[in-house]
Amino acid sequence: MTIIADDTGWILQTAHVAYALGINEAGYLVHRYWGARLPHPDDYPPPPESAGWVSFNGPGQMLPEEYPAYAGLKYVEPCLKATFADGVRDVALRFDHAEVNDDNLDLHLRDDHYPLRLTLHYRVHPDHDLIERSASLINDGGAPIMLERVLSAQWHPPQQPRYRLSHLSGRWSDEFNLHRDDLPQGVTRLESRRLTTSHHHSPWFALDDGRSTEDTGDVWFGALAWSGNWLLLAEATDYGSARISLGLNDWDFAWQLDPGETLTTPAAYAGWTDGGFGAASRILHGFIRAQLPHGERPHPILYNSWEATNFDVSEEGQAQLAEIAAALGVELFVMDDGWFKGRLWENAGLGDWTPDPVKFPHGLTPLIDRVKALGMAFGLWIEPEMVNPDSDLYREHPDWVIHFPTRERTTARNQLILNLARPDVQNYLIAQFDALLREHDITFIKWDMNRNASEPGWPDAPRDQRELWLRYVQGLYRVWGTLRERHPDVLWQSCSGGGGRADLGILRYADQIWVSDNTEATARLRIQDGFSQCFPALVMEAWVTDAGRGQVPLDFRFHVSMSGVLAIGGNLLTWSEEERATAARWVAYYKQIREIVQLGDQYRLLSAHEGPYSAIQYMDKEADHGVLFAYRVWLPDPALLPVIRLRGLIPDARYEIQGVEGERSGLAWMHDGLRLPLANLESTVRTIRRVGAI
Ligand code: GLA
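Residues numbered from 1 in each chain as written. Predicted model: local features only at pLDDT ≥ 70, side-chain atom pairs only at ≥ 80, totals over all residues. Heavy atoms only, no water.

### Some points on empty space enclosed by the protein
What counts is decided by this rule: We place a 1 Å grid over just the protein atoms. Points where a 1.4 Å probe fits but has no way out form a cavity, open points with protein on both sides within 12 Å along at least 5 of 7 lines form a pocket, and any residue with an atom within 4 Å of a point lines it. Grid points are joined across faces, edges and corners, and a volume is the space filled by probe spheres set on the points. Put simply, DSSP H or I for four residues or longer makes a helix, DSSP E for two residues or longer makes a strand, and each gets a number counted from the N terminus.
The tally for this structure, following the rule as stated, stands at six cavities of 30 Å³ or more. Roughly 100 Å³ of internal volume is contained in the largest cavity. What lines the largest cavity is a set of 17 residues, among which Leu-525, Gln-528, Asp-529, Arg-604 and Ile-616 lie closest to the centre. Listing elements by their share of the lining of the largest cavity, those giving two or more residues are α8 (521-531), β31 (601-606) and β32 (613-619).

### Focus on the packing of aromatic side chains
We count it as follows: Only Phe, Tyr and Trp rings are paired, with Trp represented by its six-membered ring, and only when their centres lie within 6.5 Å; those with planes under 30 degrees apart are stacked, over 60 edge-to-face, the remainder tilted. Partly exposed residues are those whose accessible area sits between 20% and 50% of the maximum for their type, while under 20% is buried and over 50% is exposed, using a 1.4 Å probe and protein chains only. Placement of a charge over a ring requires the Lys NZ or Arg CZ to be within 6 Å of the ring centre, with the centre-to-atom vector within 35 degrees of the ring normal.
Evaluated as defined, the whole model comprises 30 aromatic pairs. Each ring, one from Trp-34 and one from Trp-155, has its centre 5.6 Å from the other, and the planes form 35°; the classification is tilted. Of this pair, Trp-34 sits in strand β4 (residues 29-36) while Trp-155 sits in strand β10 (residues 145-155), and the two are 121 residues apart along the sequence. Each member of the pair, Trp-34 as well as Trp-155, carries the same accessibility label: buried. With a centroid separation of 3.9 Å and 20° between ring planes, the pair formed by Trp-514 and Trp-543 is classed as stacked. Taken together, the residues span a long stretch of sequence, with Trp-514 in strand β28 (residues 512-514) and Trp-543 in strand β29 (residues 540-544) at a distance of 29 residues. Of the two residues, Trp-514 and Trp-543, both sit in the buried class. What links up through ring pairs into an aromatic cluster is the set Trp-339, Phe-340, Trp-353, Trp-381 and Phe-433. Positioned over the ring face of Trp-155 is Arg-133, at 5.3 Å from the centre of the ring. Looking at Arg-585, its charged tip hangs above the ring of Trp-586, at a distance of 5.1 Å from the centre.

### Structural notes on the layout of surface pockets
Where empty space is left becomes clear once a probe the size of a water molecule has been rolled over the atoms. By volume, the largest pocket is sized at about 430 Å³. If you go around the largest pocket, you meet 20 residues; those closest to its centre are Pro-48, Pro-64, Pro-157, Gln-159 and Ser-241. Secondary-structure elements contributing two or more residues to the lining of the largest pocket are β4 and β17 (242-248). With four residues, the single largest contributor to the lining of the largest pocket is β4.

Any functional reading would require information that these geometric values do not contain.
Structural data, given as structure tokens:
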């Protein structure tokens with residue numbers, strides 16, 4: 001049973017984890033427990049009682065409320081802040097009733113006085129050891145209620161002497177830097193105010209007491225499934241507890257909840273493990289893989305033309321690249337930016353999604369046919385949400401962009417953002433791209449988004465213009481979701497100038513993510529290490545390009561990309577026979593290991609964040625076959641290279657490692673380990689095989 005109701009509340013159980021909550025004597029819905037699943041229901045603690053009141057604090061200051069609202073004598077971060085029609089800004093929620101349905105628990109609360117209802121949704125993912133939470137606000141009255149903050153969840157890790165927050169931050173071309181920082185007393189705020197998830201922070205967290213490692217220790221972790229403005233509040237309270245709140249950003253946020261209306265938040269996911277940060281990542285990896293629109297199936301090796309041709313695309317030029325790509329063993333050829341009307345450079349064309357008549361006088365079909373005759377599938381780059389002022393679409397619909405009428409429309413990369421909150425814009429985009437996909441044999445789409453919001457206005461909005469932040473993302477999901485539904489065989493990539501839109505929300509629509517515009521392999525090692533904290537290799541598209549050519553060996557560049565979904569993005573016309581032979585060899589090798597890399601369990605043996613010698617291992621579910629990658633960037637010689645201790649092997653089974661002398665037990669490889677001597681800028685990939693396994 002995944003949900004047990006006891007005398008004082010509910011216990012949510014996954015295979016290994018339990019999360020308990022209940023109603024205390026004073027009537028508050030409070031958190032009870034989050035950690036290892038315990039043998040008996042009566043092992044779980046009762047709901048904590050309210051502390052006595054003192055002059056400066058009420059009970060809410062210390063009580064771990066599941067979903068605190070701004071009310072009373074309470075100053076911790078609330079999940080909910082609202083203003084009623086009479087101006088009252090205090091929400092007093094009381095538990096009303098509960099509903100249990102298989103793996104779902106709905107708790108219904110209502111305000112003491114006003115017609116505001118709150119339903120807290122809990123969903124147990126028993127096989128993935130995750131708890132999913134979201135909230136619905138319902139207006140049962142006759143007057144609007146203004147919502148000013150509506151988060152998805154507040155999580156209460158157990159009390160510790162110290163709290164350390166692991167988070168990802170960065171910038172364009174340098175995304176997913178991993179940081180582990182002690183939480184100071186107070187509130188640490190991580191967020192996006194940019195309309196999309198952003199390169200700067202990720203809606204992911206891991207919390208420990210400062211002593212957990214990659215392989216050991218308690219870690220509480222989670223992520224938000226939302227591709228717009230988001231907020232993570234990590235609060236170390238004045239009384240020594242910690243809370244992590246996750247949800248829609250309340251910055252510049254407003255939602256007018258009209259009579260009869262319901263607003264439901266995005267989903268937040270959280271889990272616990274005692275297996276350290278690596279196990280936390282593997283839990284998220286398994287869950288994300290299972291939730292992907294096409295499920296757990298390996299992704300093809302693609303070629304992308306961007307770094308080779310930029311905007312200078314033509315049928316002949318692309319066909320030449322395609323011929324070489326096919327000879328290397330590539331399975332999917334993707335033409336990037338530059339193919340549509342007027343798109344000579346980045347200053348024109350976005351919005352006009354028909355083939356450029358000069359570059360493609362007979363349309364795209366002749367190129368697609370040539371690509372298919374070479375045995376590859378065809379893919380295309382689009383940027384649906386954008387428009388250049390120099391485009392037919394903008395000349396016809398200047399009012400369709402996000403703007404304030406009295407302010408200049410700030411362009412970024414010479415483009416403006418279509419207001420996807422508007423249903424007419426959504427319908428237009430659906431019609432445009434539906435036609436493109438109907439009229440062409442396209443089985444892969446790279447969906448890009450190359451700027452962030454400015455002047456976030458919506459002059460003819462039906463309600464408060466600030467609803468744009470949320471409605472835009474709802475609109476995006478509607479457009480993408482409709483196109484997916486109509487074209488179920490298409491594989492989609494989420495890109496926003498690299499990794500600017502990587503989150504669990506977009507992965508309901510996209511199958512894989514373009515992690516960074518930085519394709520230099522040594523920089524990429526660290527970016528990919530950070531990305532892997534949350535996301536599995538199956539969604540990590542990684543190109544081998546010409547960045548670093550002449551300095552970083554081609555083998556090294558391949559090995560870095562082969563630890564995700566291998567792709568090639570260099571100018572193949574300039575690759576020598578020798579380089580092409582090397583590429584063909586690694587493409588063939590990757591085809592043999594790809595299932596293990598893309599669908600297996602990932603172990604960060606030596607993190608690229610921690611040193612210049614890093615190693616990653618992937619194992620299949622049966623622990624029969626694995627792949628080991630090791631990379632040395634730069635270490636002064638002589639150097640005692642780090643020992644690589646494998647993970648995830650069966651201790652008393654015997655294994656061999658490609659190119660390493662002798663079979664040894666799993667325990668020997670995991671405890672004694674091995675050294676792989678590598679020179680600076682040298683790397684290696686080895687298969688791991690259980691001896692005697694089929
Ligand atoms: C973004 C993407 C690149 C490429 C260009 C095309 O920067 O991240 O991969 O598609 O746009 O303009």
